[in-house]
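Descriptive analysis of the structure
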Amino acid sequence: MVMASLILLIYPLIQGNSLSWPVWTYVSMVVAVIVVILFVAYEKHRIKLNKSPLIALNLFRFKSFTGGISVYTIFMIAMSGYFLIFTFYLQMGLGFTALYAALTALPFSLMVPVMAVISVMKLAPKFGRKVVVLGLILCAIGIAGVESVLHGARASLSNWQLLPVLLIAGAGMGMLVSSLTDFSLSQVPEQDAGSASGILSMMQQVGSSIGIAILGTIFFGAVGNSSGIAGFVMGIRYALWSAVGIFILMVPLVFLLPQKTHQHTDTL
């Protein structure tokens, strides 16, 4: 049922734009929601029969877990979509080679582990969930900066122009991802930590799939059949500002997390 719901949701998102959004694409997405509801009902039924469920629904009683999994999933929707369209823009729109595009994005990737270490060791223990909020804000500023640079430079873009904004975005991702797992699991009973961690990992993948489908659709829908830089500039603008909007909307969900980590509960 989980796989069916994902296929019913993601396939029409990927194919809808090229097919001019026929009725079946909307029907498929509605059915996907129905299948998810049936899945939850089935899981509850298994619990009543004392059988092992695929997902331990009792974990969603904890605000930290519900908030953490929501933030993580939505964050991956925005960030995975960004990775896809940024790479496509550099290679298809600007004609960068795969190697040059990778080197252009490298500052982002290098900044993530640096800030992850600093966040876990120094910032999160001292400032708590404010670190997650700051990470989201930096991601939003960085991605908005990427769009501004791409829009201003167009075909004359140099990878050095992107360096400051990529470092900001990478710092935000490092701060958020490294500490969010601890916050998400901080109120989960220790005996359920493995199950909770597995659900969190699964939803990361689900968010990535949905993000690639949604932001990819926005990007290629705006690009259309254009072969010039103007269509790609418009596509990257719509898609990246959609990602920024997602980051901003996530901020209220962060306040479901505990103020500090390591607040474990041993029993339900």
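Check the entry above for the structure.
Report on the accompanying structure. Please read all numbers here as calculations on a predicted model, not as lab measurements.

1. Here's the deal with the nonpolar core
If you look at the biggest cluster of nonpolar residues, it comprises 71 residues, and the most contacted ones within it are Phe 75 and Phe 247. When residues of this core are traced back to their parent elements, those giving at least two are helix 1 (2–15), helix 2 (23–48), helix 3 (63–93), helix 4 (98–127), helix 5 (130–153), helix 6 (163–185), helix 7 (193–223) and helix 8 (229–254). It is helix 3 that contributes the most residues to this core, 14 residues altogether. Once residues lying within four places of it in the same chain are set aside, the contact partners of Phe 75 are Leu 136, Cys 139, Met 173, Leu 176, Val 177, Phe 247 and Met 250. Formed by 5 residues, the second largest nonpolar core is a distinct cluster that contains Met 115, Val 131, Leu 138 and Met 175.

2. Section: the packing of aromatic side chains
Taken as a whole and judged by the stated rule, the model has 12 aromatic pairs. Consider the rings of Phe 75 and Phe 247, whose centres lie 5.7 Å apart with planes at 45°: the pair is tilted. Pair noted here: Phe 75 is in helix 3 and Phe 247 is in helix 8, with a separation of 172 residues, a long-range link. Pairing Phe 219 with Phe 220 gives two aromatic rings, centres 5.0 Å apart and planes at 75°, and the pair type is edge-to-face. Exposure remark for Phe 220: the relative accessible area of 30% places this residue in the partly exposed category. Among the aromatic residues, those joined into a ring-pair cluster are Tyr 82, Phe 83, Phe 86 and Phe 108.

3. Remarks on the pattern of salt bridges
Summed over all chains, the structure comprises 1 salt bridge. As a salt-bridge pair, Arg 237 and Glu 147 come within 2.9 Å of each other at their nearest N and O atoms. Separated by 90 residues along the polypeptide, Arg 237 in helix 8 and Glu 147 in helix 5 bring together distant segments of the chain.

4. Examining the environment of Ser 158
Assignment of secondary structure puts Ser 158 in the loop between helix 5 and helix 6. Sequence separation of Ser 158 and Thr 104 is 54 residues, and the distance between their C-alpha atoms is 8.7 Å.

5. Description of helix 4
Most pronounced at Ser 119, the bend in helix 4 amounts to some 55°. Regarding helix 4, the residues found buried are Ala 101, Thr 104, Pro 107, Phe 108, Met 115, Ala 116, Ser 119 and Ala 124. Taken together, the buried residues of helix 4 touch helix 3, helix 5 and helix 6. Gly 128, located one to two residues past helix 4, shows a positive phi value of around 65°.

6. Notes on a nonpolar patch on the surface
The grouping of Met 1, Val 30, Ile 34, Leu 38 and Tyr 42 at the surface amounts to a nonpolar patch, some 470 Å² of accessible area in total. By the secondary structure assignment, Leu 38 is in helix 2. Residue classification places Leu 38 among the partly exposed residues on the basis of a relative accessible area of 49%.

7. What about the packing of helix 1 against helix 7?
Orientation of helix 1 relative to helix 7, taken along the N-to-C sense of each, is 20°, at an axis distance of 8 Å. The orientation of helix 1 relative to helix 7 falls into the category roughly parallel. Our pair here, helix 1 against helix 7, has a crossing hand that is left-handed. For the pair helix 1 and helix 7, the contacting residues are Leu 6, Leu 9, Ile 10, Leu 13 and Ile 14 in the first and Val 206, Ser 209, Ile 210, Ala 213, Ile 214 and Thr 217 in the second. Residue classes in the contact of helix 1 with helix 7 are distributed as 9 nonpolar, 2 polar and no charged.

Cut-offs and rules
- Residues numbered from 1 in each chain as written.
- Predicted model: local features only at pLDDT ≥ 70, side-chain atom pairs only at ≥ 80, totals over all residues.
- Heavy atoms only, no water.
- Core = buried A, V, L, I, M, F, W, Y, C linked by side-chain atoms within 4.5 Å.
- Buried < 20%, exposed > 50% of the residue type's maximum accessible area, 1.4 Å probe, protein only.
- Helix = DSSP H or I, 4+ residues; strand = E, 2+ residues; numbered from the N terminus.
- Contact = heavy atoms within 4.5 Å.
- Phe/Tyr/Trp six-rings, centres within 6.5 Å; stacked < 30°, edge-to-face > 60°.
- Salt bridge = Lys/Arg side-chain N within 4 Å of Asp/Glu carboxyl O.
- Bend = angle between axes of the 7 residues up to and from the residue.
- Patch = residues over 30% accessible without salt bridge, like charges linked within 9 Å, V, L, I, M, F, W, Y side chains within 5 Å.
- Areas by Shrake-Rupley, 256 points an atom, 1.4 Å probe, with all protein chains shown as cover.
- Axes fitted to C-alpha atoms, helices over the stretch in contact; angles between N-to-C directions.
- Parallel < 35°, antiparallel > 145°, perpendicular 65-115°, else oblique.
- Left-handed = near helix turned anticlockwise from the far one by under 90°.
- Nonpolar A, V, L, I, M, F, W, Y, C, P; charged D, E, K, R; others polar.

These figures come from the coordinates and say nothing about function on their own.
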